[in-house]
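These are the residues of each chain, in order.
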2 protein chains.
Amino acid sequence: MAKIIKLHHLGIAVHDDMAARSFWEDGLGLKVDHVEDVASQKSQVIFLPVGESEVELVKPLSDDSTVAKFIVDRGPGIHHVCFQVDNITEMLKQLKEKNIRIINEIPMKEEGRLMAFIHPKSTGGVLVELYEVL
Amino acid sequence: MAKIIKLHHLGIAVHDDMAARSFWEDGLGLKVDHVEDVASQKSQVIFLPVGESEVELVKPLSDDSTVAKFIVDRGPGIHHVCFQVDNITEMLKQLKEKNIRIINEIPMKEEGRLMAFIHPKSTGGVLVELYEVL
């Protein structure tokens, strides 16, 4: 049976990245590890490590990105939580067996990782992402 | 300067605790550590450890609890994120100096911990809780 290893990151939708950085960096004292454009999500991500996890500030780079739509609908704030699993293929199989709705039945491959989202309708309103680090 | 130690927990507002447990326990395979009634929050909390963090499923026990109102306004889902700090008094002082709005300027004392919430208006829409473990 596949297992969750840790809470990998918390994805936070921001529309003003400088204001957001001001709170997380100057206020809470977290340090930015790096900033990355994620083409597949049409967004820019600021990575701030916290213990074994990360806070990821996700700023849309296009109005038709998922995160831009989320901000229009619900305002900025927590967008998703990502858990690292030991085997994403096994995990998705066991979730499907429980009739849990997967957004990406075949995991997407990004730099160094496989990833898939679980539909909030099957999780009690939480957009859950799964990562397998390669 | 006060420091964040780790992401302590993610608080998830649920209206149907059995359905929520079904996803987190049977689906993802997390284990319930314990269940606790938190009188000050008029809610029941189910604790599921994940790595060095926890998922906390928060079910309102009263219609006038903060979490019940959150569910009416926004539906069930991620309610807040809590970070453990080494010194909450110092952290609140340094946040106030940056004009960040604190909900509990004097930390509340619960069993084994001091806690305070930061207002989402100062964080980009995220309800942030701080814990100092005693």
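Residues numbered from 1 in each chain as written. Chains lettered and ligands numbered in written order. Predicted model: local features only at pLDDT ≥ 70, side-chain atom pairs only at ≥ 80, totals over all residues. Heavy atoms only, no water.

Sorry if this is basic, but what is going on with the overall build of chain A here?
Scanning chain A from N- to C-terminus turns up 3 helices and 8 strands. In summary, chain A has a C-alpha radius of gyration of 15 Å against a globular reference of 14 Å for 134 residues, a match within 12%. In terms of overall dimensions, chain A has a C-alpha envelope of 45 × 30 × 25 Å along the principal axes. Counting all 134 residues of chain A, 53% fall into the buried class. Across chain A, contacts joining residues at least 24 apart in sequence account for 51% of those joining residues at least 6 apart. For chain A, the accessible area works out to roughly 6,300 Å², and carbon and sulfur atoms hold 49% of it. Charge centroids of chain A, computed over 15 positive and 21 negative side chains, lie 7 Å from each other. (Helix = DSSP H or I, 4+ residues; strand = E, 2+ residues; numbered from the N terminus. Rg over C-alpha atoms; globule rule 2.2 N^0.38 Å. Buried < 20%, exposed > 50% of the residue type's maximum accessible area, 1.4 Å probe, protein only. Contact = heavy atoms within 4.5 Å. Areas by Shrake-Rupley, 256 points an atom, 1.4 Å probe, with all protein chains shown as cover. Lys, Arg positive; Asp, Glu negative; His and termini not counted. Charge placed at Lys NZ, Arg CZ, Asp CG, Glu CD.)

Please explain the pattern of salt bridges as it appears in this structure.
Side chains that carry opposite charge are capable of pairing whenever their charged atoms lie near each other. Tallied over the full model, the rule gives 8 salt bridges over all chains. A:Asp17 is the salt-bridge partner of A:Lys59, the closest N and O atoms lying 3.6 Å from each other. Here A:Asp17 lies in helix α1 (residues 17-27) and A:Lys59 lies in strand β4 (residues 53-60), a separation of 42 residues in the sequence. Of the charged contacts in the structure, one is a salt bridge between B:Arg21 and B:Glu25, with a shortest N-O distance of 3.0 Å. Of this pair, B:Arg21 and B:Glu25 both sit in helix α1 (residues 17-27), 4 residues apart, roughly one helical turn. Its relative accessible area of 22% is what places B:Arg21 among the partly exposed residues. Residue classification places B:Glu25 among the partly exposed positions, given a relative accessible area of 23%. (Salt bridge = Lys/Arg side-chain N within 4 Å of Asp/Glu carboxyl O.)

Would you mind going over the sheet that holds strand β6 (residues 108-110) of chain B with me for this structure?
Across a sheet, strands are paired by hydrogen bonds formed along the backbone, either parallel or antiparallel in direction. All names here are of chain B. Taken in spatial order, the 8 strands make up an open sheet running β2-β3-β4-β1-β5-β8-β7-β6, and their pairing is mixed. One side of each edge strand has no neighbouring strand; the edge strands of this open sheet are β2 (34-38) and β6. With strand direction ignored, the average angle separating the axes of adjacent strands in the sheet is 30°. When strand β1 (residues 4-13) meets strand β5 (residues 77-85), the two strands line up antiparallel, connected through 8 bridges. Following the sheet pairing, His 9 is matched in β5 by Cys 82. (Pairing = 2+ DSSP bridges. Axes fitted to C-alpha atoms, helices over the stretch in contact; angles between N-to-C directions.)

Honestly, the relation of the copies chain A and chain B in this entry has me stumped. Any pointers?
What relates the two chain copies is a rotation about an axis together with a slide along it. Mapping chain A onto chain B leaves a residual RMSD of 0.0 Å; the transformation is a rotation of 180° accompanied by 0.0 Å of translation along its axis. Such a turn and shift between the copies fits a two-fold axis. Comparing contact sets, 100% of the residues at the interface of chain A also lie at the interface in chain B, consistent with an isologous, same-surface contact. (Least-squares fit on C-alpha atoms with pLDDT ≥ 70 in both.)

Nothing here speaks to function; it is geometry throughout.
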